[in-house]
Amino acid sequence: MSWLGQAAGAAGRGAVRVVPAARRDWAEAVWAEAHEVPPGWRRLAWRAGGLGLMAEEGQMARTIGIWLLFAVAAGAAAWGAWPGSPVSHGAAVQGGIIMTLALLVGLPLLTRWVLGPPGNRAARLLRRGFYAAFLAVMPARAAIGMFLGAVPRSGINRHVYDVSQGPGVPGSSSGGTDWGGEIAVLVFTACFLAVILALTARRTPVAPATLAIGVGAGLVLGAVVYAMAPLGLNPKFPNRPWLHGSAAETVGVLAWILVFGAPLVAGAIAGRRCHVPDDPAAATVAHAWQGFAGGLVSGGVGAMFLTVLGDGTTALMVRSAWVRDVVYHGQHVTASAVYGRELYASQNVSGYYLLLIGFPIIGLLMGLLGTGIANPAPRLPEGGGPNGPGGPPGPGGPEPMPDPPDGGRDIDAEELTILVGGPDAELAAPTPELAHC
Amino acid sequence: MTSRREFSPQTLSVLAALCAEPSQWHHGYALATQTGLKSGTLYPILIRLSDRGLLEACWQDEPLPGRPRRHLYRLTADGLASARAALAEAAPAEAEPARAKARPGVSPRRGRGVAAPSVP
């Protein structure tokens, strides 16, 4: 019985940590009170009730459900992406899948420790959307990689392949293990995911409305660019099976406008929504932060949406005849031409990686510009007076602050802990910028 | 004014235990003993009462040596008023099934009884 009681005690002390901060006192109270209960089954029953309370208050059922859903989706994605036949770069692909899943599991835990859990529903939804996107891209990329690696044995397809990629071993995959490429993709995935997790963490003052605006602008951006480049990115020889002539030109112009305009507008609206009365300096920082985040989210969502759609279309095209019929509907294309286009698309999808880097960078810059245009910084009058440069001189600025009595110590350790997001920072009041956004 | 329908029989039993000595601080285990409720039932009730501002809670100042600090509970002024009203309403409702049981042809209402003490 004693070991059972000790195990229950240890489980309870650990479980207290999963209960939200506002309810932690109650969980600790049940555990403390267990010392008053006679030892034996009665104390064990008391602690079991306490664990039930923690499960209920900590919303464990919901958490477990989400983790189970993630496990099923991740398992399905890994199963779809896992190399089915022995290929020379199979080990790299398998390593990439395992590491990607480890990143998807580990990075949120690390972010939670440093910046806190997602701060609101919009943040949680955005995270889930990106997770779904990462898991969808994984098998699509694997299918494209397998297609690209399989060298035709002979015939016209082999000739097309040789022209596009150079000679390989017929009927097998080409080249050796591409560890460098896999590592680069993993590093990129980690950075992209870390930015998304940081933007949606509780201690990052991004308003839910900012996230929603960024997502809306990003989805429009991604959809229009996808219409322009549904089968990979190649500015020199664009592959647009659905758009021809003036329609392609119009959508192309629209896409270019949106690449810069969507984050600009998202940043402007996100900054505009943020009101910090009576403190121009804090207002400027808050506007800039919301504009930056709105633009970054719109760029990231746009690039990710485009990648999911483009990779998905290409992967389905190389695997399914009916998708090929849809893509080249009404066009009479020979088998070798179809193969050539599939090969061409499979090579060009790597161009989406450039957009996954480029769109967020453009987004954050344009978001800052947008919020700067929509919310110009208040101009302080010269000399500190209220009349400005055109009027008579004002009464002068405020007197300089006297030196603090403790020799310049402006902030104590406890305040610093809260500012940098220490253990109890979750309990601190929301930041002023966020409180009015 | 809080009506009786807002409180479950278990909550009423907790309110009754807290009302017995409204100025005193109560411990969780003592409340559980008085009401016969398990910890998994008692504490959610205390949490809801606290959320509604009917109960105040604090930690013991000086714990016994070798023991952790205990959490203490007491009804607020609003909580005391609500509890007294709810218990006063509950008393005749509990008495009614007993009377009905005594009369042939009238079936008593189903439900778990609450031993409501006399309201001070």
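Note that this is a predicted model, so its numbers are computed, not measured.

What counts, and where the lines are drawn
Residues numbered from 1 in each chain as written. Chains lettered and ligands numbered in written order. Predicted model: local features only at pLDDT ≥ 70, side-chain atom pairs only at ≥ 80, totals over all residues. Heavy atoms only, no water. Helix = DSSP H or I, 4+ residues; strand = E, 2+ residues; numbered from the N terminus. Buried < 20%, exposed > 50% of the residue type's maximum accessible area, 1.4 Å probe, protein only. Contact = heavy atoms within 4.5 Å. Areas by Shrake-Rupley, 256 points an atom, 1.4 Å probe, with all protein chains shown as cover. Pairing = 2+ DSSP bridges. Patch = residues over 30% accessible without salt bridge, like charges linked within 9 Å, V, L, I, M, F, W, Y side chains within 5 Å. Salt bridge = Lys/Arg side-chain N within 4 Å of Asp/Glu carboxyl O. Buried area = accessible area lost by both parts, 1.4 Å probe. Polar contact = N/O pair within 3.5 Å; in protein donor to acceptor, adjacent residues only side chain to side chain. Nonpolar A, V, L, I, M, F, W, Y, C, P; charged D, E, K, R; others polar. Core = buried A, V, L, I, M, F, W, Y, C linked by side-chain atoms within 4.5 Å. Axes fitted to C-alpha atoms, helices over the stretch in contact; angles between N-to-C directions. Parallel < 35°, antiparallel > 145°, perpendicular 65-115°, else oblique. Left-handed = near helix turned anticlockwise from the far one by under 90°. pLDDT = per-residue confidence, 0-100.

**A few points about the overall build of chain A**
So, step 1. Across its full length, chain A holds 16 helices and zero strands.
So, step 2. Here chain A, with 437 residues, has 42% of them falling under the buried criterion.
So, step 3. Considering only residue pairs separated by 6 or more positions, chain A has 76% of its internal contacts joining residues 24 or more positions apart.
So, step 4. A total accessible area of about 22,800 Å² is found for chain A, and carbon and sulfur atoms account for 67% of it.

**A few points about the sheet that holds strand β2 (residues 55-59) of chain B**
Residues and elements named next belong to chain B.
So, step 1. Taken in spatial order, the three strands line up as β1-β3-β2 in an open sheet, and their pairing is antiparallel. In this open sheet, the two strands that pair with only one neighbour each are β1 (26-27) and β2.
So, step 2. Note that β1 and strand β3 (residues 71-75) share two bridges and pair antiparallel. In the strand pairing of β3, His-27 is matched with Leu-72.

**Some thoughts on a nonpolar patch on the surface**
All names here are of chain A.
So, step 1. A cluster of nonpolar side chains, Leu-110, Trp-113 and Val-114, forms an exposed patch at the surface whose accessible area comes to about 370 Å².
So, step 2. With respect to the helices and strands, the residue Val-114 is situated in helix α5 (residues 90-115).
So, step 3. On the basis of relative accessible area, Val-114 is assigned to the partly exposed category, the value being 44%.

**Concerning the pattern of salt bridges**
Pairing is possible between side chains that carry opposite charge, provided their charged atoms lie close to one another.
So, step 1. Applying the stated criterion across every chain yields a total of seven salt bridges over all chains.
So, step 2. With its nearest N and O atoms 3.0 Å apart, the salt bridge here joins Glu-36 of chain A to Arg-67 of chain B. Within this pair, whereas Glu-36 of chain A is found in the loop between α2 (24-33) and α3 (41-57), its partner Arg-67 of chain B is found in the loop between β2 and β3, the two belonging to separate chains.
So, step 3. On the basis of relative accessibility, which here comes to 21%, the residue Glu-36 of chain A falls in the partly exposed class.
So, step 4. Here Arg-74 of chain B ties to Glu-56 of chain B by a salt bridge, and the two come within 3.3 Å at their closest N and O atoms. Taken together, the positions of Arg-74 of chain B in strand β3 and Glu-56 of chain B in strand β2 put the pair 18 residues apart, joining distant regions of the chain.

**Thoughts on the interface of chain B and chain A**
So, step 1. Taken together, the contact between chain B and chain A spans 22 residues of the former and 20 residues of the latter.
So, step 2. Here chain B and chain A share an interface that buries about 1,800 Å² over both sides, 61% of which is from carbon and sulfur atoms.
So, step 3. When the area that chain B buries against chain A is broken down by residue, the three leading residues are Tyr-29, Tyr-43 and Ile-47 of chain B, summing to 33%.
So, step 4. The salt bridge involving Arg-70 of chain B is made with Glu-33 of chain A; its shortest N-O contact spans 2.4 Å.
So, step 5. At the surface where chain B touches chain A, the tally comes to seven residue pairs in polar contact (both at pLDDT 80 or more).
So, step 6. Among the elements of the structure, α2 (28-35), α3 (39-51), β2 and β3 of chain B are those that each provide at least two residues to the side of chain B that touches chain A.
So, step 7. For the side of chain B that touches chain A, the leading source of residues is α3 of chain B, giving nine residues.
So, step 8. Here the residues of the side of chain B that touches chain A are counted per class, giving eleven nonpolar, six polar and five charged.

**A closer look at the nonpolar core**
So, step 1. Counting residues in hydrophobic clusters, the biggest one holds 62 residues, and the most contacted among them are Leu-101, Leu-104, Leu-135, Phe-192, Val-225 and Met-304 of chain A.
So, step 2. With 13 residues, the top contributor of residues to this core is helix α6 (residues 121-149) of chain A.
So, step 3. Discounting chain neighbours no more than four positions away, the residues touching Phe-192 of chain A are Phe-130, Phe-134, Gly-300, Met-304, Leu-356 and Pro-360 of chain A.
So, step 4. Val-30 of chain A together with Leu-15, Cys-19 and Leu-46 of chain B belong to the second-largest nonpolar core, a separate cluster that totals 36 residues.

**Things to note about the packing of helix α8 (residues 179-199) of chain A against helix α11 (residues 280-319) of chain A**
Residues and elements named next belong to chain A.
So, step 1. Between α8 and α11, the shortest axis-to-axis distance is 11 Å and the interhelical angle comes to 135°. Taken together, the axes of α8 and α11 lie oblique to each other. Note on packing geometry: the crossing formed by α8 with α11 is left-handed. Here α8 contributes Phe-192, Val-195 and Leu-199 to the contact with α11, which in turn contributes Ala-293, Leu-296, Val-297, Gly-300 and Met-304.
So, step 2. A per-class count over the contact of α8 with α11 returns seven nonpolar, one polar and no charged.

**Considering the pairing of β3 of chain B**
Residue and element names in this part refer to chain B.
So, step 1. Counting buried residues in β3 gives four out of five residues, a clear majority hidden from the surface.
So, step 2. As defined by bridge partners, β2 adjoins β3 across five bridges and the pair is classed as antiparallel. When the bridges of β3 are listed, Cys-58 appears paired with Leu-72.

**Concerning the confidence of the model for chain B**
All names here are of chain B.
So, step 1. Across chain B, the average pLDDT comes to 79, with 72% of residues at or above 70.
So, step 2. Per-element confidence in chain B ranges from a low mean pLDDT of 78 for helix α4 (residues 77-102) to a high of 95 for β3.
So, step 3. Predicted confidence is poor over residues 104-120, with pLDDT under 50, and the contacts of this stretch with residues over four places away or in other chains come to 21 contacts.
So, step 4. With pTM at 0.63, the complex prediction returns an ipTM value of 0.75.

**Focus on the environment of Tyr-339 of chain A**
Residue and element names in this part refer to chain A.
So, step 1. By the element assignment, Tyr-339 lies in helix α13 (residues 335-348).
So, step 2. Note: C-alpha distance between Tyr-339 and Ile-156 (183 residues apart in sequence) is 9.5 Å.
So, step 3. Residues contacting Tyr-339, with those up to four places away along its chain left out, are Phe-147, Ala-150, Pro-152, Asn-157, Val-160 and Tyr-161.

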